[in-house]
Amino acid sequence: MVTVVTESELRHCVTADAEALAIVEDGFARLGRGEATIPPIMGLEIPEKNGAADVKAAYVSGWEAFAIKISTRFFDNPRRGLPSGSGMMTLLDADTGQPRAILLDNGYLTTVRTALAGALAAKYLAPQRVATVGVIGAGSQARWQVAALRLVRPFDRVVVYGRDAERATRYVQEMADGLGVPVEAVDSAEALAQASDVIVTTTPATKPLLEGGWLRPGTHVSAMGSDAAHKNELAPSVFAVADVVACDLRDQCLQRGELRHAVAAGTVTQDHPAVELGALVNGGAPGRSDDQQITVCDLTGVGIQDTAIARYALRCVVAAGLGQEIG
């Protein structure tokens with residue numbers, strides 16, 4: 001029997017809360033201990049449609065199931081009234097390889113686990129006192145990242161910079177109501193950086209939006225928009241001023257993340273000691289040691305997050321009596 005779960009059922013059962021954060025954190029801990037097998041991402045670029053598709057997966061020793069995820073991003077979709085991201089996850093039995101569940105999430109679980117990775121990075125790298133959060137981008141992740149950040153750091157206000165002023169204005173209106181703190185738009189990424197203690201970049205930019213010279217002492221930057229070789233949100237100068245550089249998976253970031261561009265520019269070397277999140281979680285590497293350090297985390301999205309959130313989601317759905325068994 002295979003359990004088929006709809007997006008609405010998943011939204012009913014799973015969100016970016018403390019329980020889900022612990023699930024993703026445990027996944028990174030296992031990755032850091034060498035318990036996970038993660039293949040290279042299969043990526044399909046579709047430039048004529050301004051779209052792309054990825055396939056990610058991870059097997060974890062001792063877990064009863066593993067996930068294979070198809071994720072799509074078609075950036076003209078908002079003009080059609082559709083979200084830019086979609087996709088689905090399958091859970092396969094770790095002993096037999098037989099399908100156990102099909103999660104028709106339309107990218108929802110990816111949205112949640114991506115936001116939780118940002119929160120996890122902030123847990124270990126952000127300053128303890130955060131007055132202002134700056135968000136570059138005004139889409140779905142710009143919303144989810146800020147909401148998830150609250151799980152690990154309280155903050156007093158949010159500033160947003162979006163290249164589309166109309167979307168930034170809409171972001172301000174929606175987030176001010178939901179967060180209960182002041183939210184305002186600024187007219188440049190530089191102005192945002194000079195006002196922020198934590199910065200999250202959430203765009204599919206192909207040219208840098210953030211410069212190292214704009215960062216204040218003590219700033220933490222989480223960059224989660226670059227998940228393909230041609231994408232780039234951070235100028236190499238950001239890495240030049242960073243005291244601590246972290247990433248979700250070093251080899252993947254060197255191929256598809258911000259680290260790739262920093263290496264190409266000569267700002268960092270191929271063997272730059274970027275700390276993986278798993279090492280931070282397990283205490284195997286130091287994170288932030290004082291509130292004056294500048295810290296950066298390159299997040300490309302790792303299959304371990306997908307297997308972790310998919311297993312958790314299925315447990316929640318079954319416990320709620322939802323999903324449909326077929327076979």
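Structural notes, computed from the coordinates.

## Let's talk about the pattern of salt bridges
Working step 1: Taken as a whole, this structure holds 20 salt bridges when the rule is applied.
Working step 2: For K123, the salt bridge identified is with E25, shortest N-O distance 3.1 Å. Note that K123 is positioned in helix α3 (residues 108-125) and E25 in helix α2 (residues 18-32), a separation of 98 residues in sequence.
Working step 3: Residue class for K123 comes out partly exposed when judged on its relative accessible area of 35%.
Working step 4: Of the residues examined, E25 reaches a relative accessible area of 13% and is grouped as buried.
Working step 5: Between D54 and R256 there is a salt bridge, with its nearest N and O atoms 3.3 Å apart. On the criterion of sequence distance, the pair formed by D54 in strand β4 (residues 51-60) and R256 in helix α8 (residues 250-256) is long-range, its members being 202 residues apart. Comparing D54 with R256 shows no difference in burial state: the two are buried.
Working step 6: Within the structure, one salt-bridge network assembled from shared partners comprises D54, R73, D227, K231 and R256.

## Quick word on the side chain of R256
Working step 1: By relative accessible area, which is 13% here, R256 ends up buried.
Working step 2: Excluding residues that lie within four positions of it along the chain, R256 makes contacts with I41, D54, S226, D227, A228, A229 and T300.

## Focus on the packing of aromatic side chains
Working step 1: Taken as a whole and assessed by the stated rule, the structure comprises 2 aromatic pairs.
Working step 2: Between Y59 and F66 the ring centres are 6.3 Å apart and the planes differ by 75°, which places this aromatic pair in the edge-to-face class.
Working step 3: Residue Y59 is classed as partly exposed on the basis of its relative accessible area of 33%.
Working step 4: Consider the rings of Y108 and W144, whose centres lie 5.8 Å apart with planes at 75°: the pair is edge-to-face. Here the residue Y108 occupies a position in helix α3, and W144 occupies one in helix α4 (residues 140-149), the gap between them amounting to 36 residues. The same class applies to Y108 and to W144, which are both buried.
Working step 5: A cation over an aromatic ring shows up here: R150 above the ring of F155, its NZ or CZ 5.2 Å from the ring centre.

What counts and what doesn't
Residues numbered from 1 in each chain as written. Predicted model: local features only at pLDDT ≥ 70, side-chain atom pairs only at ≥ 80, totals over all residues. Heavy atoms only, no water. Salt bridge = Lys/Arg side-chain N within 4 Å of Asp/Glu carboxyl O. Helix = DSSP H or I, 4+ residues; strand = E, 2+ residues; numbered from the N terminus. Buried < 20%, exposed > 50% of the residue type's maximum accessible area, 1.4 Å probe, protein only. Contact = heavy atoms within 4.5 Å. Phe/Tyr/Trp six-rings, centres within 6.5 Å; stacked < 30°, edge-to-face > 60°. Lys NZ or Arg CZ within 6 Å of the ring centre and 35° of its normal.

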